[in-house]
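Here is how the chains run, residue by residue.
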Amino acid sequence: VLLSLIAIIWRYSSHRSSIPCPTWLSKLVELDNPVLKNNSARQIIQHLVLKPGMEVLDFGCGPGRLTIPVAKQTGPTGEVAAFDIQAGMLQRVRIKAQAEHLDNIQFIQGEAGAGKLGHNQYDRVLLVTVLGEIPDRKAVLAEIFDSLKPSGILSVTEVIADPHFQRRASVTSAVSSVGFVEREFFGNRISYTINFEKP
């Protein structure tokens, strides 16, 4: 009941302004939803077709639900950039990385669109239930486009349980407007992943 009340308050507040998931709720977002299976870390990562040595950006990484397994798959020759606005979230990722003896994770704290992503750097970029939290999404998506290597993939996952849920048409319109081309769709209208390619 308490979790339901928190979710309702968070959803209501989030419609008034862009509020990222607070660090104190990180335990909640670390769990895979047993009903919305398309949002599981395993499913999202499977759609990325990762290879050892790849460079991946987990944008809005939160407590590292995907950062850690992606770092394992890209291996010691690859690198994962864990990007988040909240220092507390990045600290949770650091603790997990140390426990798993992973040293191929770079930690970047900053606001979306602050110019910290580099140019033609990443093979994959993850946006998992983050797009609705970004105020100037066109500028941020353009920056992500620039940060990807040619033929790189931007993977966007949205799930109805998230307070900032974005419908497929809204996501496709926003992402396509900066130059991405939709390649694959997985899931359904309330829980899905879309992979977009940088031509």
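The coordinates are above.
Residues numbered from 1 in each chain as written. Predicted model: local features only at pLDDT ≥ 70, side-chain atom pairs only at ≥ 80, totals over all residues. Heavy atoms only, no water.

A. Here's a closer look at the overall build of the protein. A count of helices and strands for the protein gives seven helices and seven strands. The burial tally for the protein puts 50% of its 199 residues in the buried class. Taking as baseline every contact in the protein between residues at least 6 positions apart, the subset at least 24 positions apart corresponds to 71%. Counting only carbon and sulfur atoms, one obtains 57% of the accessible surface of the protein, whose full area is about 9,700 Å². (Helix = DSSP H or I, 4+ residues; strand = E, 2+ residues; numbered from the N terminus. Buried < 20%, exposed > 50% of the residue type's maximum accessible area, 1.4 Å probe, protein only. Contact = heavy atoms within 4.5 Å. Areas by Shrake-Rupley, 256 points an atom, 1.4 Å probe, with all protein chains shown as cover.)

B. Main features of the sheet that holds strand E3 (residues 105-109). Taken in spatial order, the seven strands make up an open sheet running E3-E2-E1-E4-E5-E7-E6, and their pairing is mixed. The open sheet has two free edges, formed respectively by E3 and strand E6 (181-188), since each of these has just one partner strand. Put simply, the sheet's adjacent strands are angled 15 degrees from each other on average, direction ignored. Sheet topology note: the strand E4 (residues 122-128)/strand E5 (residues 148-159) ladder contains six bridges and is parallel. Of the residues in E5, the one forming a bridge with Leu127 is Val156. Lying on the sheet, helix H4 (residues 67-74) is in contact with strand E1 (55-59), strand E2 (79-84), E3 and E4; it crosses E2 at an angle near 165 degrees. In the packing of helix H5 (residues 87-99) onto the sheet, contacts are made with E2 and E3, and the angle to E3 comes to roughly 170 degrees. (Pairing = 2+ DSSP bridges. Axes fitted to C-alpha atoms, helices over the stretch in contact; angles between N-to-C directions.)

C. The arrangement of the packing of aromatic side chains in detail. For the coordinates displayed, the defined rule picks out four aromatic pairs. Ring geometry for Phe145 against Phe180: centres 4.9 Å apart, planes inclined by 80 degrees, an arrangement best described as edge-to-face. With Phe145 in helix H6 (residues 137-147) and Phe180 in the loop between helix H7 (168-176) and E6, this pair connects stretches of sequence that are 35 residues apart. For Phe180, a relative accessible area of 3% corresponds to the buried category. Here the aromatic rings of Phe165 and Tyr192 are separated by 6.3 Å at their centres, their planes lie at 70 degrees, and the arrangement is edge-to-face. (Phe/Tyr/Trp six-rings, centres within 6.5 Å; stacked < 30°, edge-to-face > 60°.)

D. Looking closely at the nonpolar core. Of all hydrophobic cores here, the largest spans 27 residues; its most connected members are Phe59, Leu127, Ile144 and Leu154. Those residues in contact with Leu127 that lie beyond four places of it in its chain are Phe59, Ile134, Leu141, Ile144, Leu154, Ser155, Val156 and Thr157. Judged by nonpolar contacts, the second largest core, of 21 residues, contains Ala41, Leu48, Met54 and Val80. (Core = buried A, V, L, I, M, F, W, Y, C linked by side-chain atoms within 4.5 Å.)

E. Layout of the pairing of E4. For E4, the buried fraction is high: seven of the seven residues fall into the buried class. Assessed by its sense of winding, the connection that carries the chain from E4 through H6 to E5 is right-handed. (Right-handed = clockwise from strand over helix to strand, strands pointing away.)

F. Quick look at the pattern of salt bridges. Scanning all chains against the criterion turns up four salt bridges. Close ionic contact of Glu100 with Lys72 constitutes a salt bridge, the shortest N to O distance being 3.2 Å. Of this pair, Glu100 sits in the loop between H5 and E3 while Lys72 sits in helix H4; the two residues are 28 residues apart in sequence, bridging distant segments of the chain. Of the residues examined, Lys72 reaches a relative accessible area of 46% and is grouped as partly exposed. Here Glu197 and Arg183 are joined by a salt bridge, their closest N and O atoms 2.5 Å apart. Here Glu197, found in strand E7 (residues 191-197), pairs with Arg183, found in strand E6; they are 14 residues apart in sequence, far enough to count as distant. (Salt bridge = Lys/Arg side-chain N within 4 Å of Asp/Glu carboxyl O.)

G. Examining the side chain of Ser155 more closely. Its place among the elements puts Ser155 in strand E5. Residue classification places Ser155 among the buried positions, given a relative accessible area of 0%. Of note is the side chain of Ser155, whose polar atom sits 3.0 Å from the side chain of Asn195. Sequence-distant contacts of Ser155, that is, excluding residues within four places in its chain, are made with Leu48, Val125, Leu126, Leu127, Thr193, Ile194 and Asn195. (Polar contact = N/O pair within 3.5 Å; in protein donor to acceptor, adjacent residues only side chain to side chain.)

H. Geometry of the environment of Gly115. Here Gly115 shows up in the loop between E3 and E4. In sequence terms Gly115 and Glu143 are 28 residues apart; their C-alpha atoms lie 7.2 Å from each other.

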